[in-house]
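# Examination of the molecular architecture
Spelled out, the chains give:
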Amino acid sequence: MKIIYPAVFTPYEDSQDGFAVVFPDLPGCVTGGDTLAEAMEMAEDAASGWVLAELEDGHDIPKASQPNEIKTEPGEFTTLVLLDMDLYAEKYGNKAVKKTLTIPAWMNTYVEKHNISCSKVLQDAVGKMVNAG
């Protein structure tokens, strides 16, 4: 899922190149960077994190405002920031996803007898594979 939100970039008072960035549609989503490129990168990351947290908590995400509806002060500008939520969630998502697995009956008997969590075993095994590269 790709989403676009407008962001307001405000030049830092004490820097020629840096910008603070706010998303009017994402309450509390504020970031910045020492250069325009860094501010753009940080804006994408901050907004993606904000949206992912809302989605993982089961909330609806806000509808994006039209950029021409956003009021800015002199020196500020509004631009659109593209969020690739599938890519971001794949990389940073923490919400547990239910998976069904099939094991032989004898293994299930052993697992139940010894109070083994199949989810924990699978998470540990895949975690070791990921860390091994």
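For the structure, check the block above.
For the structure given in this document, a descriptive report is provided here. (Residues numbered from 1 in each chain as written. Predicted model: local features only at pLDDT ≥ 70, side-chain atom pairs only at ≥ 80, totals over all residues. Heavy atoms only, no water.)

## A short note on the packing of aromatic side chains
A full pass over the atoms with the stated rule returns four aromatic pairs. With centroids separated by 6.3 Å and ring planes inclined at 70 degrees, the aromatic side chains of Phe 9 and Phe 19 adopt a geometry described as edge-to-face. Taken together, the positions of Phe 9 in strand β1 (residues 2-11) and Phe 19 in strand β2 (residues 19-22) put the pair 10 residues apart, joining distant regions of the chain. There is no split in this pair, since Phe 9 and Phe 19 are both buried. Measuring from centroid to centroid gives 5.7 Å for Phe 19 and Phe 77, while their planes differ by 80 degrees, and the two rings are edge-to-face. With a gap of 58 residues between them, Phe 19 in strand β2 and Phe 77 in strand β4 (residues 77-84) connect regions that are remote in the sequence. With relative accessibility at 30%, the residue Phe 77 sits in the partly exposed group. Through a chain of ring-to-ring contacts, three or more aromatic side chains come together here, namely Phe 9, Phe 19 and Phe 77. (Phe/Tyr/Trp six-rings, centres within 6.5 Å; stacked < 30°, edge-to-face > 60°. Helix = DSSP H or I, 4+ residues; strand = E, 2+ residues; numbered from the N terminus. Buried < 20%, exposed > 50% of the residue type's maximum accessible area, 1.4 Å probe, protein only.)

## A look at the pattern of salt bridges
Overall, the coordinates contain one salt bridge when judged by the stated rule. We note a salt bridge from Lys 120 to Asp 124, for which the minimum N-O separation is 2.9 Å. Residue Lys 120 and its partner Asp 124 are both found in helix α4 (residues 118-132); the two are separated by four residues, about one turn of the helix. Residue Lys 120 is classed as partly exposed on the basis of its relative accessible area of 47%. (Salt bridge = Lys/Arg side-chain N within 4 Å of Asp/Glu carboxyl O.)

## Digging into the side chain of Thr 31
Relative to the elements of secondary structure, Thr 31 occurs in strand β3 (residues 30-33). By relative accessible area, which is 16% here, Thr 31 ends up buried. Excluding residues that lie within four positions of it along the chain, Thr 31 makes contacts with Phe 19, Ala 20, Val 21, Met 42, Ala 43 and Ala 46. (Contact = heavy atoms within 4.5 Å.)

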